[in-house]
Amino acid sequence: MFSPRWSKVFADVWSNKTRTALVVLSIAVGVFAVGMVAGTNAILAREVVAAYMAVNPADASLYPDSFDDDLIHVVRDIPGVKEAAGSRAISVRLKTGPDQWRDMTIFAVPDFADVRINQFRPYAGTYPPRDREVLFERSSLPLAGGAQIGSTVTVELPDGKIRELKVAGTVYTPNLPPAALFNNTYTFVTFETLEWLGASRDYNELSITVDGDRMDKAHIAEVAKRVRDKVEAGGRTVYFTYIPEPATHPADSAIRPLLTLLGALGVLSLFASGFLVVNTIAALLTQQLRQIGIMKSIGARSGDIFAMYLATVLLYGLLALLVGSALAYAGAAGLASYLGGLMNTELTSTALPTSIWLLMAAIALLVPLLASIQPVLAGVSVTVREAVSGYGLGKGRFGKGRIDHLLERIRGLSRPLMLSLRNTFRRKGRLVLTLTTLTLSGVIFIAVFGVRASLLLTLDDAIKYFNYDVQFSFNRPYRVEQIERVALSVPGVTAAETWGFSSVRRLRADDTESDSYTMIAPPADAQMIAPTIVEGRWLTPGDESAIVVNTSVTRKEPDLKVGDVLTLTIDGRESDWTVVGVVRGIGDQPLVYANYPFYSRVTRLAGRAGFGIVQVFPSDPETQARVAAQLEERFESLGMQVTQTQTIASIRQQNEVQFNIIVAFLLVMALLLALVGGLGLMGTMSINVIERTREIGVLRAIGASDGQVLRIVVVEGVLIGALSWALAALLSLPVSKLLSDAVGYAFFQMPLTFAFSPAGALIWLALVTAIAALASVLPARGATRITVREVLAYE
């Protein structure tokens, strides 16, 4: 048998199941929010890194002139190189429907039985592929226009030839960027098939792994430089060196910031649930004031009563731990599996590490204890006389404060509405806690809509930055005049330009090299680019060796400033350029800009270009798609092979899909906060009804109907909801800006173009009104079910 003290603790928890459920849910919400995000982080950190490293990813990749196995053997003997391998990749177009094509990368593998770097394993179908067969990376097959294992796919080669390949099967590797996220498909063929496709049987990519610390990027860069120097000493030009972040999945930069933001919102949910615990424990103590007085009158000490109520809180915490941790585990496993799918990674286990279970236990047990100390101390410190004097009439009277006096001056309202209005402000401390929780929920909810509006506005700004509608590229450079003349002959095209594109590297003063940057060379009088100048100026027609860099370059090269001389390697040749301006970047892509006339002389492509853009009218998605198809048809009829066409509308749509993923996750956390706010309001209304039990009896004794009592309580809840909405709408403006900046820096390394969302504020008004009404109905119905005799005799 339990002692009387423990019997009371268990009786308090069991006898009022509604209150117990409210407290347990309040705590469980915080456990769930933090546990789910922390658990997802832990699962992905373990599984994604393990899966990625299991394929022995390249520590560095170099892209030189074509080479053979002899060079690979030479590179393997370079100090610091552990392994070297060659591969060849060609870019083709995959037919996914009538007049529909998708970019596809084909990797040629010399020996499927001896893949040493960037490994993959059979997943389904036949392995290895036979001649004129292709293996799809498993995440790419769903993007292949309905192709299945055993069916045939059609590809267009860079020279315009059409080939058909049989789908032999699929392979799995987390080494490649996720196909859906990056809108590309990845496939593997034999060298015999590569030769049949018209490409040479040599390599164009050199991958290496290093001895020593594979997590030290500086060490990897040093070894890669030795390899590049050796390759170039043999007479080959290395056009590009890529060093990924060590042990980091290609999609990590897109997923990790999202989890960081979700974690921050999870902590806010925990913070809000702390207010719930304070209010709910206060409800318990309010209801049991007379019991506290009786216990004190028969000799119980304040410390004993304090310990007893803290034990009650611990019991609530244990129940919440069972509920919250189970939901957190299910949520973490589901979210990790979903994000793992986005990263094209199979999870071998969704088990949570012990540290996450301990974190959830600490949240469930310690946070409620800390949150309840103040209300418990306040409750047990009352004197016996105060405790047994009753509550209801005369407790929390209206009329003492400035707000009360202000409300007394309001005229013209019905008596029930006036009573609801005055009751709202009777317990101002409790009201503040409830408003804080609801306001926090509203601020985050509205801010999430602001993030979406800011993302779309930033996308619009990026599209305006490059002010064209359709872009196209060729398999080789053609004469500029011919490209523009043919483009302008297509109905709907109003303007056409040709630009130069190259991959460049900076040669620093200390003889080190930067990562590869993209150089864009528009005509001197280009009309289809409208950059935002941050410092200096834009290019002028008279500029020759002048260059403009974007802010992504200056972040990577912080010593660069306007007026500096920048040494670049372009196609293996060094040239000096003077920085005349800095423009705002787009995402994290480092770009440099130069005038086409001078660029064409440096690259020895005077009068020729391999990339063109056009403006169309009207500039709607249908017209853009029609013009893109007609451009391709017109060029190819003249023997000019187009390798890619893309419309701005399709680029926007692809980005919107990725943005919506970000917003969806943020919105889920915002709705979780809304649930916390609703529970908080329900707790407040339950306390208010308990405290006013006798008043409700008096109202019913003088003729108030059940409907009138119900309306008084519900209107009070709606008024609290409306107040929270007004505060949330006011505070959401700066918070929206902060959250938009945080999302911008997390995903794009720059703040988003800020836009406030009035629609978000209006949606929250409707939602919080509904939440407030629903949260008030249950306590109000409880009030109407008590008979007048029971109410007036209430102890």
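Residues numbered from 1 in each chain as written. Predicted model: local features only at pLDDT ≥ 70, side-chain atom pairs only at ≥ 80, totals over all residues. Heavy atoms only, no water.

## With respect to the packing of aromatic side chains
- Going through the model one piece at a time under the given rule, you end up with 19 aromatic pairs.
- Here the aromatic rings of F474 and Y478 are separated by 5.2 Å at their centres, their planes lie at 70°, and the arrangement is edge-to-face.
- For the ring pair W538 and Y593, a centre distance of 5.3 Å and an interplane angle of 65° mean the geometry is edge-to-face. One end of the pair, W538, is in the loop between β14 (533–536) and β15 (546–550); the other, Y593, is in strand β18 (residues 591–593), and 55 residues separate them in sequence.
- Classification of Y593 as buried rests on a relative accessible area of 0%.
- Every member of this aromatic cluster is reached through a ring pair, and the members are F107, F112, F120, Y127 and F188.
- In this structure, R138 is placed above the aromatic ring of Y123, and the distance from its NZ or CZ to the ring centre is 5.2 Å.
- Directly above the aromatic system of W196 lies the positively charged group of R163, at a separation of 5.3 Å from the ring centroid. (Phe/Tyr/Trp six-rings, centres within 6.5 Å; stacked < 30°, edge-to-face > 60°. Helix = DSSP H or I, 4+ residues; strand = E, 2+ residues; numbered from the N terminus. Buried < 20%, exposed > 50% of the residue type's maximum accessible area, 1.4 Å probe, protein only. Lys NZ or Arg CZ within 6 Å of the ring centre and 35° of its normal.)

## Some points on the pattern of salt bridges
- Under the defined criterion, the tally for this structure stands at 25 salt bridges.
- We note a salt bridge from D59 to R214, for which the minimum N-O separation is 3.0 Å. Here D59, found in the loop between α2 (17–54) and β1 (60–64), pairs with R214, found in the loop between β9 (205–210) and α6 (217–233); they are 155 residues apart in sequence, far enough to count as distant.
- Judged by relative accessible area, D59 falls into the buried class, the value being 7%. (Salt bridge = Lys/Arg side-chain N within 4 Å of Asp/Glu carboxyl O.)

## Examining helix α9 (residues 302–342)
- The terminal C-alpha atoms of α9 lie 56 Å apart, and with 41 residues this matches the ideal 60 Å at 1.5 Å per residue to within 8%.
- Of all the bends in α9, the greatest measures close to 25° and is centred on A320.
- In the stretch just after α9, N344 is the one whose phi turns positive, near 55°. (Expected span 1.5 Å × (residues − 1). Bend = angle between axes of the 7 residues up to and from the residue.)

## Quick notes on the packing of helix α8 (residues 289–297) against α9
- At a minimum axis distance of 10 Å, the contact between α8 and α9 shows a crossing angle of 140°. With respect to α9, the axis of α8 lies oblique. Crossing handedness for the pair α8 and α9: right-handed. Of the residues in α9, those touching α8 at I292, M295 and K296 are S302, I305, M308 and Y309. (Axes fitted to C-alpha atoms, helices over the stretch in contact; angles between N-to-C directions. Parallel < 35°, antiparallel > 145°, perpendicular 65-115°, else oblique. Left-handed = near helix turned anticlockwise from the far one by under 90°. Contact = heavy atoms within 4.5 Å.)

## So, the side chain of S757
- One can find S757 in the loop between α21 (706–748) and α22 (758–784).
- A polar contact is formed between the side chain of S757 and the backbone nitrogen of G760, at a distance of 3.1 Å. (Polar contact = N/O pair within 3.5 Å; in protein donor to acceptor, adjacent residues only side chain to side chain.)

## Regarding the pairing of strand β17 (residues 573–583)
- Alignment of β14 against β17, held across three bridges, turns out to be antiparallel. Along β17, the bridge assignment pairs G536 with G581.
- Across five bridges, β15 lies against β17 in parallel orientation. Looking at the pairing, V549 lines up with V582 of β17.
- With six bridges joining them, strand β16 (residues 565–570) and β17 adopt antiparallel strand pairing. Residue pairing in the sheet places T569 in a bridge with E574 of β17.
- In textbook terms, the turn of a hairpin is the stretch between consecutive antiparallel strands, and for β16 and β17 this stretch comprises two residues, one of which, D571, has a positive phi near 55°. (Pairing = 2+ DSSP bridges.)

## Details of unusual backbone geometry
- Along the chain, Y127 connects to P128 via a cis peptide bond; the corresponding omega equals -5°.
- Tracing the backbone shows P128 in the loop between β4 (121–125) and β5 (133–137).
- Here F617 and P618 are connected by a cis peptide whose omega angle stands at 0°.
- With respect to the helices, strands and loops of the structure, P618 is situated in the loop between β19 (608–616) and α18 (621–637).
- Positioned with a positive phi, N56 is a non-glycine residue whose angle comes to about 50°.

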